[in-house]
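Working through the structure, step by step
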Amino acid sequence: MHTRVLGALALGLAAVTSAATTTTTPMTFTSMIGAASGDDDGVAAECSFYANDTVQNNCASDCGSCFNPGSRKGVKCNGAGSQTGYYCPADGDEGDLTFACMDWTFGSSAMRAAETSFRKSSGENVFFGVGTFGTADDEQNGLGACYRLTVDGVAKDIIAQSINTGHDVAGNQFDLQIGAGGAGAFNTCAGSDRSMYGGGTDVWGCQYGGVDNRTACADLPEYPQDPSPMQAAGDSLIELCEYSWDENVRLSGAGMDAGICAYNPTLLNVARVQCPSELVAMTWMQRNDEPSYFKAPEGASLKGFPVADDVECKSYISGAGSAYCLTRMMDCRKPSGAFKDNVKEALMVEGKKVVQTCTSDGYTRIDVQCGCTDCYC
Ligand SMILES: *[C@@H]1O[C@H](CO)[C@@H](O)[C@H](O)[C@H]1NC(C)=O
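Rules of the game
- Residues numbered from 1 in each chain as written.
- Predicted model: local features only at pLDDT ≥ 70, side-chain atom pairs only at ≥ 80, totals over all residues.
- Heavy atoms only, no water.
- Near = heavy atom within 4 Å.
- Polar contact = N/O pair within 3.5 Å; in protein donor to acceptor, adjacent residues only side chain to side chain.
- Areas by Shrake-Rupley, 256 points an atom, 1.4 Å probe, with all protein chains shown as cover.
- Helix = DSSP H or I, 4+ residues; strand = E, 2+ residues; numbered from the N terminus.
- Pairing = 2+ DSSP bridges.
- Axes fitted to C-alpha atoms, helices over the stretch in contact; angles between N-to-C directions.
- Buried < 20%, exposed > 50% of the residue type's maximum accessible area, 1.4 Å probe, protein only.
- Contact = heavy atoms within 4.5 Å.
- Salt bridge = Lys/Arg side-chain N within 4 Å of Asp/Glu carboxyl O.

1. Digging into the site of the ligand
Every residue lining the ligand is accounted for by Val211, Asp212 and Asn213. In the model, an oxygen atom of the ligand is placed 2.9 Å from a nitrogen or oxygen of the aspartate 212 main chain. Taking asparagine 213, its side chain carries an N or O atom lying 2.4 Å from an oxygen atom of the ligand. Protein contacts shield 41% of the accessible area of the ligand, which totals 360 Å² for the unbound molecule.

Structure below.
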């Protein structure tokens with residue numbers, strides 16, 4: 001049986017906790033995205049800074065044959081072997097790398113400011129998030145689409161954008177980016193000098209699921225190796241981790257059959273909805289085939305939703321899988337939605353075709369209008 005009782009109880013606790021720990025006042029959300037340009041409404045196609053020599057002039061007046069002209073500006077990625085823009089690499093020993101942005105994390109100052117702005121404009125009182133999702137019932141496996149999730153024990157629905165999709169296209173599990181939610185198989189959060197955060201991986205908890213209790217959040221590094229942008233944004237990894245416990249988007253697996261970290265809240269309902277512009281401003285990715293509503297009408301939920309009363313996430317049972325689970329992750333890694341080959345041009349809004357990723361500080365956006373230094377790509 002699903003009830004909101006847990007949510008109500010835990011919300012009471014959360015209110016007490018956040019009164020004691022929240023010290024930052026949210027700024028307006030548009031001022032918080034760390035882009036090199038202050039222009040939030042797209043920019044004219046202008047790619048001259050990609051040009052690496054004077055022989056070719058494909059970049060001079062426009063973006064040549066680049067894939068994503070008109071995207072929001074950012075800093076240039078100087079990756080090894082001239083890799084740049086949407087081809088800025090996720091790994092490597094030399095040159096710039098690109099990463100997931102930390103203000104995409106559930107409960108970041110920018111996300112909370114965006115939620116407030118959206119509530120004022122739409123009347124919808126929801127949480128925002130991003131994560132990994134896959135469904136075979138969408139032409140692009142859900143990539144770039146937004147889903148409204150009703151989660152057992154969570155006080156408000158979550159509107160989350162899928163910016164990453166993997167092999168699992170079951171369409172009944174959403175993997176939300178939360179503070180120390182599990183660094184996964186391709187961790188670029190910690191454990192190397194090229195990682196976003198310093199120190200080892202031990203304090204990040206389980207590879208899948210991350211830290212398994214609120215207390216363990218305190219052992220995390222508070223800021224990336226380059227700390228200033230996160231400090232300026234008013235975020236801290238420790239607080240982001242604590243916030244996810246306070247809002248019940250994660251559960252402890254202690255004492256459960258499948259062991260610590262394998263317990264997750266149940267997804268009660270999932271429906272595709274329009275991506276709020278405030279959330280698009282975080283990722284700079286947008287589909288052109290969006291529904292017209294932020295709350296789906298009855299009958300418009302994804303297959304299998306809303307769940308029957310006896311359906312629950314059974315990840316706490318060894319080998320039971322993650323169907324109907326809100327799982328969690330934080331791998332700090334460039335998501336699959338940031339690679340041009342993963343998106344279908346015909347489904348994307350001009351200038352918002354791929355996710356705009358961040359430098360190693362987790363906040364500063366890189367420029368993803370082009371993928372090469374001759375604008376012939
Ligand atoms: C908290 O979780 C961590 C793993 O993240 C575990 O090592 C530790 O034993 C847990 N502490 C308690 C008190 O359960």
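2. Structural notes on unusual backbone geometry
Here the amide bond leading from phenylalanine 305 into proline 306 is cis, since omega sits at -10°, within 30 degrees of zero. Its identity is not glycine, yet asparagine 248 carries a phi of approximately 65°, on the positive side. One can find asparagine 248 in the loop between helix H4 (237–246) and strand E5 (267–273).

3. Quick word on the sheet that holds strand E3 (residues 158–164)
Strand order in the open sheet made by the six strands is E5-E2-E3-E1-E4-E6, with mixed pairing throughout. Lying at the two open borders of the sheet, with one neighbouring strand each, are E5 and strand E6 (325–329). Between one strand and the next, the sheet's axes are offset by a mean angle of 40°, whatever the strand orientation. Here strand E2 (residues 146–151) runs beside E5; their pairing, made up of six bridges, is antiparallel.

4. As for the pairing of strand E1 (residues 127–132)
With six of six residues buried, E1 is to be regarded as a mostly interior element. Covered by surrounding structure in E1 are Phe127, Gly129 and Gly131 together with Phe128, Val130 and Thr132, the residues of both alternating faces. One ladder, built from six bridges, connects E1 with E3; its direction is parallel. Following the sheet pairing, threonine 132 is matched in E3 by asparagine 164.

5. Quick word on the environment of proline 265
If you trace the backbone, proline 265 turns up in the loop between H4 and E5. Its relative accessible area of 2% is what places proline 265 among the buried residues. If we skip the residues at most four places from it in the chain, proline 265 touches Val151, Asp152, Asn248, Val249, Arg250, Leu251, Cys313, Tyr324, Cys325 and Leu326.

6. Remarks on the pattern of salt bridges
Two side chains bearing opposite charge may form a pair once their charged atoms approach each other closely. On inspection of all chains with the given rule, the structure shows 16 salt bridges. Note that arginine 272 is salt-bridged to aspartate 289, the shortest N-O span being 3.0 Å. With arginine 272 in strand E5 and aspartate 289 in the loop between helix H5 (277–283) and E6, the pair connects residues that are 17 residues apart, well separated along the chain. A residue is classified by how much of its surface remains accessible, and aspartate 289, at 27% relative accessible area, is partly exposed. Through salt bridges with shared partners, a single ionic network connects Asp138, Arg272, Arg287, Asp289 and Glu290.

7. Some thoughts on the pairing of E2
Counting buried positions along E2 gives six out of six residues, so the element sits mostly inside the fold. The alternating pattern of E2 places Cys146, Arg148 and Thr150 and Tyr147, Leu149 and Val151 on opposite faces, both of which are buried. Pairing analysis gives four bridges linking E2 to E3, with the strands arranged antiparallel. Residue pairing across strands places cysteine 146 opposite glutamine 161, the latter belonging to E3. Where E2 hands over to E3, the hairpin turn is made up of six residues, of which glycine 153 adopts a positive phi near 85°.

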